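In case you want the letters, here they are:
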Amino acid sequence: MMMRTRTAADWAALVLGIVILLIGVVLAIGGVWLVSLGGSSYYLAAGVGLAVSGLLLANRRAEGAWLYIGIFVATLAWAWWEVGANGWALVPRTVGPLVLLVGVLAISPQLVSRRSGYGAAIVAAACLVLVAGGAFAIFGSSHRAEAAVGVVPPQATAMADPSPLQSGSDWPAYGGSYAARRYSPLDQINRDNVAKLTKVWTFHTGDLPNERTKGTYGAETTPLKIGDTLYFCTPKNIMIALDPNNGTQRWRYDPKVPDENIPYTAACRGVAYYALPNADPTQTCATRIIEGTLDARVIAVDAKTGVPCADFGRGGQVDTTIGIGEHDPGMFSITSAPTIVRGVIVIGHQVLDGQKLDAPSGVIQGYDAVSGALRWAWDMGKPDAPAPPAAGETYTRGTPNMWTTASGDEKLGLVYLPLGVSAVDYWSGKRSAREKEFATSLVALDVTTGKPAWHFQTVHNDVWDYDLGSQATLVDFPTQGGAVPALVLPSKRGDIFVLDRRTGTPLTKVEERAVPQGGVEPEQRAKTQPFSLYHTLRKADLTEKDMWGMSPIDQMICRIQFRRATYHGMFTPPTSDGHSVEYPGYNGGSDWGGIAIDPARGVLIANYNDMPNYNRLVARPEADRLGWAPRNQARGKIGGAEGAGDPQSGAPYAINVNAGWRLPVTGMLCKQPPYGGIRAIELKTGNTLWDRPLGEARTNGPFGIPSMLPITIGTPNNGGAVVTAGGLIFIAATTDNLIRAIDIETGKTVWQDVLPAGGQATPMTYEANGRQFLVIMAGGHHFMETPVGDSLVAYALESR
């Protein structure tokens, strides 16, 4: 008997059947595991059904096509039952099965009779309509997210700015002023004409990574504009002055920071400006630009020429490592702009997270802005000790540091320090009582004495790396008794606190709530944590239904990981017997970009991240076997995001953080979108005015392949916003390499432009020769995986 020759349709049915069979087997095996963990039974049932369907299709049986269509219909019904019309949640549940459905329908005419084929086509058409509805929900929801859900309140009472340098036509400090409102009263660019905004000049710094420093750059700088000059710094601390009208370089000073002093990120967030009181304006260094460097120097140069100030320290620089003791290159650095209050330069340091218990001190130092002399040093471990320490002694090692930017009140003489965690972030067994008292706190320091006036702690005995990354923003807060000098403090955990900046007393309710216990050394865990009742950027606790991925297999893996992990909501302690889920993760809530406040409208603008981390404490013997060591040793070669394989040497546990909770092969995130957003909040009440995802999917996709889809997915974001009297919010920050103008009243994007590299920096705006400019550093960021560049980009309205 002759064998029938296989046709192309036969081969298509065989290949498709085998693919569906394999997918079914994987889902069935994983489904058994998931059910055993108490999870959804869908994957087991669907897996068994797909395996049978694939086997039938491989044997050219029409029942295989009908069975697949039935499974697809059941999948749609299950997906709708589980997540409703949530477009992003429907993606992994329906898109992959839809692709296979198209293949099944393509081979169906070869498998079924004409009459039954009509029936299959009708069922398939109905399925396609349902899926099209899901796709519409995805696109529709991304656009609906731009609609306002509240009304911007009437104009608020004008707020006085306690800073000696205030934004107006200039931008004289990192946050606009030392009040850190990130607000400009300029309104030449407004909602009516912003669509005409155009790029007018681009300046290239030339500071780009070499082979040795590749994978470390993060250009986070916000320029200053004072008078007729624009000032900024590059990732490796080159200070540059430009003509603000056309971007022409006026001077450049390179402090020659060695490559080995780059910490986790080569970043300089900004410089500071200082004018000597009563000085002759023609005097050398009567006005000066001051920066901190990656190798922990403070440098002052003449604002007019860029020449180091000979009367400042030694030849224009001060070594802040005196009294620090042992510090490997890159372990002790300055990445944020100095804050100058009453002639004192206040400096904190970035001490690399998670490296070793015996890390350099987190001491805060105050230097004379004229001479560079050390005025004081606040060592929380030895608050009454002389500064610097005596020969042979050091500041207390391993104490919480201030890696971000302080704000200040010139009238009160207070500087507000957002502090981090002790040297070992995820284990607290060796922390002193003073460390536990001050870590993850906002500390108000008397700038004349260097002594704390008050402090407010946002996390008790922090083992989640919830250090305060944002500047506190100074406002006059409206109360029934009148306006109160206050500050608004955002946090990585999402809560926003409002405090009397004179005393630290909360002006809005803060509630101590019971939190999950357990983890390693459970006796160390605080029974309660402070929760702000004013406002939080934090979303609801995660559930299994929130797990995501590219396909049902991805989603099933994430569900299994979720079910296996320890998670009891916010403040779930890290554990060594498996993973724990930390949500929000260490990147926010609110990070170093901080918030912006429109004092005229009484509106607070906060961009935020909404991603979990997947953590595991690794016992010391296992970490040693894996070769985990501080970054100056093997750690630098391991790579990965911050917290990935951090050794925590000297502690019984290392830490392994899966930042964002990524899947290992596709690189997709386990939590469904959005991953970041921007929100308008009424300052007086803390009520949300509008909230929307921030960032398009255009540069994101599986396996690191950009999807190029102009869909508002809500991407991770780093960098802040600036608000103007023109009713606009300007922000980049996202991973889609766009800068946007957003209408403050509606939350709608009214203008955007593609940057030449990632925009992980806060923009600023100023006026020069009667023209308003918008400037952003487009330098990219290794942690955000955006393209690295060296472009400072300026926008303005077309000249009339």
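Undergrad: Which parts of the structure should I look at to understand the overall build of the chain?
TA: Secondary structure assignment for the chain yields 9 helices and 40 strands. Seen through its C-alpha atoms, the chain measures out along the principal axes to roughly 105 × 70 × 55 Å. Expressed as a percentage of its 800 residues, the buried residues of the chain come to 62%. Contacts spanning at least 24 positions in sequence make up 65% of the contacts within the chain whose residues lie at least 6 apart. Carbon and sulfur atoms make up 57% of the accessible area of the chain, which totals about 28800 Å².

Undergrad: Help me understand the nonpolar core in this model?
TA: As a rule of thumb, nonpolar side chains are buried together in soluble globular proteins. One finds Leu 197, Trp 201, Phe 730, Leu 792 and Tyr 795 to be the most contacted residues of the largest nonpolar core, which totals 36 residues. If you list the elements that add at least two residues to this core, you get strand 2 (197-204), strand 4 (229-233), strand 5 (239-242), strand 35 (728-731), strand 36 (738-743), strand 38 (764-768), strand 39 (771-778) and strand 40 (791-797). Grouped together as the second largest cluster of nonpolar side chains are 30 residues, Tyr 42, Ala 65, Tyr 68 and Met 556 included.

Undergrad: Mind showing me how you'd approach the packing of aromatic side chains here?
TA: The geometry of an aromatic ring pair comes down to the distance between the two centres and the angle between the two planes. Applying the stated criterion to the full structure yields 19 aromatic pairs. Look at Trp 464 and Tyr 466: their rings are 6.5 Å apart centre to centre, the planes differ by 20°, and that puts the pair in the stacked class. Just as Trp 464 is buried, Tyr 466 falls in that class too. Note on Phe 531 and Phe 571: the rings are 5.8 Å apart at their centroids and 90° apart in plane angle, and the pair reads as edge-to-face. Taken together, the positions of Phe 531 in strand 25 (residues 528-532) and Phe 571 in the loop between helix 7 (552-564) and strand 27 (580-582) put the pair 40 residues apart, joining distant regions of the chain. The exposure classification of Phe 531 matches that of Phe 571, with both residues buried. Through a chain of ring-to-ring contacts, the aromatic side chains of Trp 464, Tyr 466, Phe 531 and Phe 571 assemble into a single cluster. Taking NZ or CZ as reference, Arg 269 lies 5.3 Å from the ring centre of Trp 592, over its face. Cation over ring: Lys 545 sits above Trp 81, and NZ or CZ is 5.4 Å from the ring centre.

Undergrad: I keep staring at the pattern of salt bridges and nothing clicks. Help me out?
TA: If charged atoms from side chains of opposite charge come close, those side chains can pair. This model, assessed by the stated rule, comprises 36 salt bridges. Between Asp 368 and Arg 375 there is a salt bridge; the shortest N-O distance is 3.0 Å. The closest approach of N and O atoms between Arg 563 and Glu 544, which form a salt bridge, is 2.7 Å. With a gap of 19 residues between them, Arg 563 in helix 7 and Glu 544 in the loop between strand 26 (535-536) and helix 7 connect regions that are remote in the sequence. Accessibility expressed as a relative area gives 7% for Glu 544, which makes it buried. Through salt bridges with shared partners, a single ionic network connects Glu 82, Arg 93, Glu 544, Arg 559 and Arg 563.

Undergrad: What's the story with the environment of Val 363 in this structure? I'm lost.
TA: Note on placement: Val 363 falls in the loop between strand 14 (350-351) and strand 15 (364-368). Distance in space between the C-alpha atoms of Val 363 and Gly 323 is 9.9 Å, their sequence separation being 40 residues.

Undergrad: Help me understand the sheet that holds strand 20 (residues 451-457), please; the structure alone is not making it clear to me.
TA: Note: strands within a sheet are paired through backbone hydrogen bonds, in either parallel or antiparallel orientation. The antiparallel open sheet is built from 4 strands, whose spatial order is 17-18-19-20. Either end of the sheet is taken by a strand with one partner, and the two such strands are strand 17 (407-409) and strand 20. The sheet shows a mean angle of 20° between the axes of neighbouring strands, taken without regard to direction. Pairing of strand 17 with strand 18 (residues 414-418) involves 3 bridges; the strand directions are antiparallel. Following the sheet pairing, Gly 408 is matched in strand 18 by Val 415.

Undergrad: Honestly, helix 3 (residues 62-83) in this entry has me stumped. Any pointers?
TA: Working note: α-helix, 3.6 residues per turn, so residues spaced by three or four point in the same direction. Given a rise of 1.5 Å per residue, 22 residues ought to cover 32 Å, and the 32 Å separating the end C-alpha atoms of helix 3 matches this to within 8%. Of the residues one or two after helix 3, Gly 84 is the one with positive phi, at around 65°.

Undergrad: Hey, could you run me through the state of the cysteines in this one?
TA: Tallied over the entire structure, the rule returns 3 disulfides. With a sulfur-sulfur separation of 2.0 Å, Cys 285 is cross-linked through a disulfide to Cys 309. Looking down the S-S bond of the Cys 285 and Cys 309 bridge, the torsion is -100°, so its handedness is left-handed. Taken together, the residues span a long stretch of sequence, with Cys 285 in the loop between strand 7 (272-275) and strand 8 (287-292) and Cys 309 in the loop between strand 9 (297-302) and strand 10 (317-319) at a distance of 24 residues. For Cys 285, a relative accessible area of 2% translates into the label buried. Take Cys 309: its relative accessible area is 0%, and that puts it in the buried class. Taking only the cysteines that form disulfides and numbering them from first to last, the chain has the pattern 1-2, 3-4, 5-6.

Undergrad: Explain the packing of helix 1 (residues 8-36) against helix 4 (residues 87-107) to me, please; I cannot follow it from the model alone.
TA: Helix-helix packing is described using two parameters, namely the angle between the two axes and the distance between the axes. Packing of helix 1 against helix 4 brings their axes to within 10 Å, and their N-to-C directions diverge by 150°. On the basis of the axis angle, helix 1 is roughly antiparallel to helix 4. Viewed along their axes, helix 1 and helix 4 form a crossing whose handedness is left-handed. Residues Ala 12, Ala 13, Leu 16, Val 19, Ile 20 and Ile 23 of helix 1 touch helix 4, and the partners they reach there are Leu 100, Gly 103, Val 104 and Ile 107. Class assignment of the residues belonging to the contact of helix 1 with helix 4 gives a composition of 9 nonpolar, 1 polar and no charged.

Undergrad: Any chance you could explain the pairing of strand 25 here in plain terms?
TA: Taken residue by residue, a regular strand's side chains alternate between the two faces of the sheet. Along strand 25, 4 of the 5 residues are buried, which leaves the element largely enclosed by surrounding structure. By the bridge criterion, 5 bridges tie strand 24 (residues 510-514) to strand 25 in an arrangement that is antiparallel. Its bridge partner being in strand 25, Arg 513 is matched across the sheet by Gln 529.

Undergrad: Could you clarify how one ought to interpret unusual backbone geometry in this entry?
TA: Backbone geometry follows two general trends: most residues other than glycine have a negative phi, and most peptide bonds adopt the trans configuration. In the segment running from Ala 387 into Pro 388, the intervening peptide bond is cis, with an omega of -5°. By secondary structure assignment, the location of Pro 388 is in the loop between strand 16 (374-378) and strand 17. Positive phi, normally seen in glycine, also occurs at Cys 285, with a value near 60°.

Undergrad: Looking at this structure, how should I read the sheet that holds strand 21 (residues 473-479)?
TA: Strand order in the open sheet formed by 4 strands is 21-22-23-26, and the pairing between neighbours is antiparallel. Since the sheet does not close on itself, it has two edges, and those belong to strand 21 and strand 26, each with one partner. Where strand 21 and strand 22 (residues 482-490) come together, 7 bridges link them in antiparallel fashion. When the bridges of strand 22 are listed, Phe 477 appears paired with Val 484.

Reading the values: the criteria
- Residues numbered from 1 in each chain as written.
- Predicted model: local features only at pLDDT ≥ 70, side-chain atom pairs only at ≥ 80, totals over all residues.
- Heavy atoms only, no water.
- Helix = DSSP H or I, 4+ residues; strand = E, 2+ residues; numbered from the N terminus.
- Buried < 20%, exposed > 50% of the residue type's maximum accessible area, 1.4 Å probe, protein only.
- Contact = heavy atoms within 4.5 Å.
- Areas by Shrake-Rupley, 256 points an atom, 1.4 Å probe, with all protein chains shown as cover.
- Core = buried A, V, L, I, M, F, W, Y, C linked by side-chain atoms within 4.5 Å.
- Phe/Tyr/Trp six-rings, centres within 6.5 Å; stacked < 30°, edge-to-face > 60°.
- Lys NZ or Arg CZ within 6 Å of the ring centre and 35° of its normal.
- Salt bridge = Lys/Arg side-chain N within 4 Å of Asp/Glu carboxyl O.
- Pairing = 2+ DSSP bridges.
- Axes fitted to C-alpha atoms, helices over the stretch in contact; angles between N-to-C directions.
- Expected span 1.5 Å × (residues − 1).
- Disulfide = S-S within 2.5 Å.
- Parallel < 35°, antiparallel > 145°, perpendicular 65-115°, else oblique.
- Left-handed = near helix turned anticlockwise from the far one by under 90°.
- Nonpolar A, V, L, I, M, F, W, Y, C, P; charged D, E, K, R; others polar.

Everything listed here is a matter of geometry and, on its own, says nothing about what the molecule does.
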